[in-house]
Amino acid sequence: MLPVPSKFTLVVGHGEGSTPLNAFDAALIDAGIGNLNLIRVSSILPPGARFFPELRIPPGTLTPTAYGYLTSSRPGEVVAAAIGVGFSSDTYGVIMEYEGFCTKAEAETRVRAMVEDGFRARGITLKDLLVLGIDHRVEKIGCALAAAVLGY
Amino acid sequence: MLPVPSKFTLVVGHGEGSTPLNAFDAALIDAGIGNLNLIRVSSILPPGARFFPELRIPPGTLTPTAYGYLTSSRPGEVVAAAIGVGFSSDTYGVIMEYEGFCTKAEAETRVRAMVEDGFRARGITLKDLLVLGIDHRVEKIGCALAAAVLGY
Amino acid sequence: MLPVPSKFTLVVGHGEGSTPLNAFDAALIDAGIGNLNLIRVSSILPPGARFFPELRIPPGTLTPTAYGYLTSSRPGEVVAAAIGVGFSSDTYGVIMEYEGFCTKAEAETRVRAMVEDGFRARGITLKDLLVLGIDHRVEKIGCALAAAVLGY
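Values in this document were obtained by computation on a predicted structure and should not be read as measured data.

**Here's the deal with the overall build of chain A**
Okay, step 1: For chain A, the count of helices and strands is two helices and nine strands.
Okay, step 2: Each helix and strand of chain A, ordered N terminal to C terminal, gives the series β-α-β-β-β-β-β-β-α-β-β.
Okay, step 3: A compact globule built from 152 residues should have a C-alpha radius of gyration of about 15 Å, and chain A, at 15 Å, falls within 12% of that.
Okay, step 4: When the backbone C-alpha atoms are referred to their principal axes, chain A occupies close to 45 × 35 × 25 Å.
Okay, step 5: Sequence separation of at least 24 residues holds for 76% of the intrachain contacts in chain A that already meet a minimum separation of 6.
Okay, step 6: Of the roughly 6100 Å² that chain A leaves accessible, carbon and sulfur atoms contribute 50%.
Okay, step 7: Across chain A, the centroid of the 13 positively charged side chains sits 4 Å from that of the 15 negatively charged ones.

**Observations regarding the nonpolar core**
Generally speaking, nonpolar side chains in soluble globular proteins are found buried as a group.
Okay, step 1: Residues A:Phe8, A:Leu45, A:Ile95, B:Ile95, C:Phe8, C:Leu45 and C:Ile95 are the most contacted members of the largest nonpolar core, which totals 65 residues.
Okay, step 2: Ignoring anything within four residues of it in the chain, the contact list for A:Leu45 reads A:Phe8, A:Val85, A:Phe87, A:Tyr92, A:Gly93, A:Ile95 and A:Leu150.

**Some words on helix α2 (residues 104-122) of chain B**
Okay, step 1: Across its 19 residues, α2(B) extends 27 Å between first and last C-alpha, which sits within 8% of the 27 Å expected from 1.5 Å per residue.
Okay, step 2: Every buried residue belonging to α2(B) is among B:Ala107, B:Glu108, B:Val111, B:Met114, B:Val115, B:Asp117, B:Gly118, B:Phe119 and B:Arg122, and all of these are buried.
Okay, step 3: Against β3 (44-45), β6 (78-87), β7 (93-100) and β8 (128-137) of chain B together with α1 (20-31) of chain C lie the buried residues of α2(B).
Okay, step 4: One or two steps after α2(B), the chain reaches B:Gly123, where phi turns positive at roughly 65°.

**Observations regarding the sheet that holds strand β6 (residues 78-87) of chain C**
Residue and element names in this part refer to chain C.
Okay, step 1: Strand order across the open sheet formed by four strands is β3-β7-β6-β8, with antiparallel pairing between neighbours. A single partner strand is all that each edge strand has here, and the edge strands are β3 (44-45) and β8 (128-137).
Okay, step 2: Pairing of β6 with β8 involves 10 bridges; the strand directions are antiparallel. Bridging across to β8, alanine 81 finds its partner in isoleucine 134.
Okay, step 3: Helix-sheet contacts for helix α2 (residues 104-122) involve β3, β6, β7 (93-100) and β8, and the interaxial angle to β7 is about 145°.

**Concerning the sheet that holds strand β7 (residues 93-100) of chain A**
All names here are of chain A.
Okay, step 1: Read across the sheet, four strands follow the order β3-β7-β6-β8 without closing on themselves; strand pairing throughout is antiparallel. Unpaired on one side and paired on the other, β3 (44-45) and β8 (128-137) mark the two borders of the sheet.
Okay, step 2: Where helix α2 (residues 104-122) meets the sheet, its contacts fall on β3, β6 (78-87), β7 and β8, and the angle it forms with β7 comes to roughly 145°.

**Some remarks on the relation of the copies chain A and chain B**
Okay, step 1: Superposing chain A onto chain B takes a rotation of 120° plus a shift of 0.0 Å along the axis, which leaves an RMSD of 0.0 Å. Taken together, these values place the two copies in the relation of a three-fold axis.

**Overview of the interface of chain A and chain B**
Okay, step 1: If you look at the interface, chain A gives 25 residues, while chain B gives 24 residues.
Okay, step 2: With both sides pooled, the region where chain A packs onto chain B buries about 2000 Å², and carbon together with sulfur makes up 64% of that total.
Okay, step 3: Area buried by chain A at its contact with chain B is led by A:Met1, A:Leu2 and A:Ser42, which between them contribute 33% of it.
Okay, step 4: Joining chain A to chain B, the criterion identifies one salt bridge.
Okay, step 5: Applying the counting rule to chain A against chain B returns seven residue pairs in polar contact (both at pLDDT 80 or more).
Okay, step 6: The set of elements that each furnish at least two residues to the side of chain A that touches chain B consists of β2 (37-42), β5 (62-72), β7 and α2 of chain A.
Okay, step 7: If you tally residues by element for the side of chain A that touches chain B, the top one is α2(A), at five residues.
Okay, step 8: Residues belonging to the side of chain A that touches chain B are distributed by class as follows: 18 nonpolar, three polar and four charged.
Okay, step 9: The sheet contact formed by β2(A) and strand β2 (residues 37-42) of chain B spans two bridges and is antiparallel. Note that in β2(B) the partner of A:Val41 across the bridge is B:Ile39.

**Focus: the interface of chain C and chain B**
Okay, step 1: Listed per partner, the contact involves 24 residues of chain C and 25 residues of chain B.
Okay, step 2: Each partner contributes to the roughly 2000 Å² buried at the junction of chain C and chain B, and carbon and sulfur atoms together form 64% of this total.
Okay, step 3: The interface formed by chain C and chain B contains one salt bridge.
Okay, step 4: Joining chain C to chain B, the criterion identifies seven residue pairs in polar contact (both at pLDDT 80 or more).
Okay, step 5: When contributions to the side of chain C that touches chain B are tallied by element, the ones reaching two or more residues are α1, β2 (37-42) and β5 (62-72) of chain C.

**Focus: the environment of C:Lys7**
All names here are of chain C.
Okay, step 1: Take lysine 7: it is sitting in strand β1 (residues 7-16).
Okay, step 2: Sequence separation of lysine 7 and phenylalanine 51 is 44 residues, and the distance between their C-alpha atoms is 5.8 Å.
Okay, step 3: Among all residues touching lysine 7, those that are not within four sequence positions of it are Ala49, Arg50, Phe52, Leu55, Val149, Leu150, Gly151 and Tyr152.
Okay, step 4: A distance of 3.2 Å separates the side chain of lysine 7 from the backbone oxygen of tyrosine 152, its partner in a polar contact.

Cut-offs applied
Residues numbered from 1 in each chain as written. Chains lettered and ligands numbered in written order. Predicted model: local features only at pLDDT ≥ 70, side-chain atom pairs only at ≥ 80, totals over all residues. Heavy atoms only, no water. Helix = DSSP H or I, 4+ residues; strand = E, 2+ residues; numbered from the N terminus. Rg over C-alpha atoms; globule rule 2.2 N^0.38 Å. Contact = heavy atoms within 4.5 Å. Areas by Shrake-Rupley, 256 points an atom, 1.4 Å probe, with all protein chains shown as cover. Lys, Arg positive; Asp, Glu negative; His and termini not counted. Charge placed at Lys NZ, Arg CZ, Asp CG, Glu CD. Core = buried A, V, L, I, M, F, W, Y, C linked by side-chain atoms within 4.5 Å. Buried < 20%, exposed > 50% of the residue type's maximum accessible area, 1.4 Å probe, protein only. Expected span 1.5 Å × (residues − 1). Pairing = 2+ DSSP bridges. Axes fitted to C-alpha atoms, helices over the stretch in contact; angles between N-to-C directions. Least-squares fit on C-alpha atoms with pLDDT ≥ 70 in both. Buried area = accessible area lost by both parts, 1.4 Å probe. Salt bridge = Lys/Arg side-chain N within 4 Å of Asp/Glu carboxyl O. Polar contact = N/O pair within 3.5 Å; in protein donor to acceptor, adjacent residues only side chain to side chain. Nonpolar A, V, L, I, M, F, W, Y, C, P; charged D, E, K, R; others polar.

Keep in mind these values describe shape, not function.
Okay, here's the thing in structure tokens:
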């Protein structure tokens, strides 16, 4: 079995690049996770996983991560992303990600509702909710990214 | 090396949600895999992997999974997904996933042909074939999903 | 923690299939990685990872891979993909992938610039750069793929 993550943190970043992938890369660097090998997961907080404000992860580490991001190459356009983690009192949590052409506040509102919906769909009680968003006004090619990084 | 999966199962699910991601989440819950951290893989059944009708996997586990899914927000539209696994007599198997606007039966027919094509492309003999599909008529925002879950 | 890869190789492939997924599968087979469970990663070469011209990886192995690919079902169209790895003198490297409707040479030029941009964005010095591209003229449904495969 692959080892179950025991820690997590939330990060956001934004940036510009010469291509959409480079803009995504710039957002990862800005978020502090540009030197990791992110493995995208769908998106459960393991039971007992604890929040660390700053995960110290060596470069190149395979890092399970739930993330939302949006890239645009239309100057002036605003892109946003948000990540939300809902906690139950006694079991796993639910992570949701959102990306859209909106403000940071709107993205956070949206992702909050998505986490609440995820709890309703599972019939479990939402005890607490952590949300983090970001927006970015595109200069040439820009990206906004929000992520829940799982670690050990 | 990451550990090679030794078991697998096939699941399907469908559901509705307040957003496409929540509909996808509802389909995962319906399929019994809503509490896992799915890692999407391209999609080989390891040699010797055995079929388990029900995998018991703790919440939050990083779970290699091949899946197809389709989300729609057009009420009345039918979305379908199917997963197929082809077995050889002496080596690995090939997993294919399909999603489309069609019935369950059509999705299953399609994925069956895809697995057969995958065997032809490898020049190996198809000994047996397992297929599972699902369809869903969209109410507001709906999703159909079919997955091959790999475990240990 | 998931084990950090210690080896890598670059591969390219192209092929035709009866569906876009089968064409992608044919390109994976052509590249020599059609029998692996690829886990897509965003895309850092771990410090000290060494180049192996040919990785020997058992079928079904979960294999962290950065890849770009493009599928087309328009006969006559040319699809291309390229992978680039930039090396620093003393730390991790940066992997970039590109796909587009262009020639192999253009794809390689593009991905080279993307790696250079990735180094600039990190403020580290590019010591060496490895690039590999491929193009494919579509017959019915075709795919070009370029990948950096990480192993142990």
